[in-house]
2 protein chains.
Amino acid sequence: MTRDRLAERYRAYIDCLNRQDWARLGDFVHDRVRYNDVQIGLDGYLRMLEGDFLAIPDLRFEIERLLVDPPGVACRLHFDCTPSGRLFGIPVNGQRVRFAENVFYEFEDERIAGVWSVIDKAAVAAQVQVAPPSS
Amino acid sequence: MTRDRLAERYRAYIDCLNRQDWARLGDFVHDRVRYNDVQIGLDGYLRMLEGDFLAIPDLRFEIERLLVDPPGVACRLHFDCTPSGRLFGIPVNGQRVRFAENVFYEFEDERIAGVWSVIDKAAVAAQVQVAPPSS
């Protein structure tokens, strides 16, 4: 796959997530996809995404930096959202948080077959004002 | 800069860190380098690295995945080390921890001018056995 084609495929994948077009997820994600070295498969990947949108009703994936080096893609994603309850174990409860995810992908047969992600959870914790215990 | 030249420059930078060859750091890092959108400059960058080696005497940077898309580089770094005291606010105290850093770089004039890093601090916290309070 050329660099331009891979960049186009990746952007189409991000659009698919933002539209929550789960019927098309398999066009972009391999049946045997691995996430942080665990084989979760397409079904596990879909459940993970559905869980993300349940925790963050206004979730939107924004590409901040994109590097393409076939068959790999690296992306710094930016999130600006208001998770409804706990996120990463942190009681966000509807506060606005902004954070980054630096993530690597490996493509096979034009689909994502491997993902290695690190999310800046510490940034979320630093932004959340935890209410003092009621007296 | 070609892809191959940039990959070679980045590997030489990692070697420089692992040798703690601070006299040569300026060959690889720009005077006005920005780290996570804060201009810390070469001096601030050196102080950050010196602090890292002070906290982690056996610190070693290992390239796990490298993507090169000039003028950008993205790297997943692997660490396997025994920090002497606290690391990221976590009382590691000489226990062995393994964690990843997903980091993006932008090069200018063959030197690193911008860095956007996310370190998997949650992985460190999950590995540390905190001793129960002594009775």
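Let us look at the structure shown here. (Residues numbered from 1 in each chain as written. Chains lettered and ligands numbered in written order. Predicted model: local features only at pLDDT ≥ 70, side-chain atom pairs only at ≥ 80, totals over all residues. Heavy atoms only, no water.)

### Points about the interface of chain B and chain A
In plain terms, the rule: Any pair of residues with heavy atoms lying within 4.5 Å of one another is described as a contacting pair. Two parts placed together each lose some accessible area; with a 1.4 Å probe, that loss summed over both constitutes the buried area. A side-chain nitrogen of Lys or Arg and a carboxyl oxygen of Asp or Glu constitute a salt bridge if their distance falls within 4 Å. Polar contact is the term for a pair of N or O atoms within 3.5 Å; when the atoms are in protein, one must be able to donate a hydrogen and the other to accept it, and sequence-neighboring residues count only if both atoms are side-chain atoms. Only DSSP runs of H or I covering at least 4 residues are called helices, and only runs of E covering at least 2 are called strands; the numbering of each starts at the N terminus. Note that Gly is not counted as nonpolar here; it falls among the polar residues with everything else outside the nonpolar set of Ala, Val, Leu, Ile, Met, Phe, Trp, Tyr, Cys and Pro and the charged set of Asp, Glu, Lys and Arg.
Across the contact, 23 residues belong to chain B and 23 residues belong to chain A. In total, about 1,900 Å² of surface goes out of reach between chain B and chain A, with carbon and sulfur atoms giving 61% of it. Taking the shortest distance from any N to any O, the salt bridge between Glu106(B) and Arg65(A) comes out at 2.5 Å. Between chain B and chain A we count nine residue pairs in polar contact (both at pLDDT 80 or more) in total. Looking at the side of chain B that touches chain A, the elements with two or more residues in it are strand S3 (62–69), strand S4 (72–81), strand S7 (97–108), strand S8 (111–119) and helix H4 (121–127) of chain B. Take the side of chain B that touches chain A: its biggest share by element is six residues, from S3(B). Taken together, the residues of the side of chain B that touches chain A sort by class into 12 nonpolar, three polar and eight charged.

### Quick notes on the pairing of strand S4 (residues 72–81) of chain A
Residues and elements named next belong to chain A. Note the following rule: Partly exposed residues are those whose accessible area sits between 20% and 50% of the maximum for their type, while under 20% is buried and over 50% is exposed, using a 1.4 Å probe and protein chains only. Two strands qualify as a pair provided that DSSP identifies no fewer than 2 bridges between them.
For S4, the buried fraction is high: eight of the 10 residues fall into the buried class. Summarising the sheet, strand S3 (residues 62–69) and S4 pair through seven bridges and their orientation is antiparallel. From the neighbouring strand, aspartate 69 faces S4, where its bridge partner is glycine 72. Pairing of S4 with strand S7 (residues 97–108), which is carried by 10 bridges, proceeds in the antiparallel orientation. When the sheet's bridge partners are listed, glycine 72 is paired in S7 with glutamate 106.

### Some details on the sheet that holds strand S1 (residues 29–35) of chain A
Residues and elements named next belong to chain A. Applicable threshold: For helices, the fitted axis covers only the stretch in contact; all axes are lines through C-alpha atoms, and the angles between them, taken along N-to-C directions, range from 0 to 180 degrees.
A sheet is described by the order of its strands in space; here six strands give the open sequence S2-S1-S8-S7-S4-S3, paired in mixed fashion. Two strands in the sheet have a free side with no partner beyond their single neighbour: strand S2 (38–39) and S3. The pairing of S1 with strand S8 (residues 111–119) spans three bridges and is parallel. By the bridge assignment, arginine 34 is partnered in S8 with glycine 114. Its contacts with the sheet place helix H3 (residues 41–55) against S1, S2, S7 and S8, and it is angled at close to 70 degrees to S1.

### Describing unusual backbone geometry
Residue and element names in this part refer to chain A. In this structure, proline 71 follows proline 70 across a cis peptide bond, with omega equal to 5 degrees. Even without being glycine, asparagine 36 reaches a positive phi, approximately 45 degrees. As for its position among the elements, asparagine 36 is in the loop between S1 and S2. The backbone of aspartate 109 sits at a positive phi, close to 50 degrees, despite the residue not being glycine. Among the structural elements, aspartate 109 can be located in the loop between S7 and S8. Owing to a relative accessible area of 60%, aspartate 109 belongs among the exposed residues under this scheme.

### Notes on the pairing of S7(B)
Residue and element names in this part refer to chain B. Counting buried positions over the 12 residues of S7 gives nine, a clear majority of the element. With eight bridges joining them, S7 and S8 adopt antiparallel strand pairing. Counted as the bridge partner of valine 103 is serine 117 from S8. The hairpin turn running from S7 into S8, its antiparallel successor, is two residues long, and aspartate 109 in that turn takes a positive phi close to 50 degrees.

### Let's talk about the packing of aromatic side chains
Here is the rule: Stacked, tilted and edge-to-face are the three classes applied to pairs of Phe, Tyr and Trp rings, where Trp contributes its six-membered ring and a pair requires centres within 6.5 Å; stacked means planes under 30 degrees apart, edge-to-face means over 60, and tilted covers the rest. Cation placement over rings: the criterion is NZ of Lys or CZ of Arg within 6 Å of the ring centroid and within 35° of the ring normal.
A full pass over the atoms with the stated rule returns 19 aromatic pairs over all chains. Relative to Tyr105(A), the ring of Tyr13(A) has its centre 6.1 Å away and its plane inclined at 75 degrees; by these criteria the two rings are edge-to-face. A residue pair is termed long-range when its members are at least 10 positions apart, and Tyr13(A) in helix H1 (residues 3–18) and Tyr105(A) in strand S7 qualify at 92 residues. Centroid distance Phe53(B) to Phe61(B): 6.3 Å. Interplanar angle 45 degrees. Geometry classified as tilted. No difference in accessibility class separates Phe53(B) from Phe61(B), as the two residues are buried. Through pairs of rings, three or more aromatic residues link up here, namely Trp22(A), Phe53(A), Phe61(A), Phe79(A), Phe88(A) and Phe99(A). Over the ring of Trp116(B) we find Arg65(A); its NZ or CZ atom is 3.6 Å from the centre of that ring.

### Thoughts on H3(A)
Residues and elements named next belong to chain A. Formally: Here, expected helix span is obtained from the residue count minus one, scaled by 1.5 Å.
Counted at 1.5 Å a residue, the expected span for H3 with its 15 residues is 21 Å, and the 21 Å between its end C-alpha atoms agrees. Regarding H3, the residues found buried are Gly41, Gly44, Tyr45, Leu49 and Phe53. Tucked into the core, H3 has its buried residues touching H1, helix H2 (25–28), S1, S2, S7 and S8.

Structural measurements only, silent on function.
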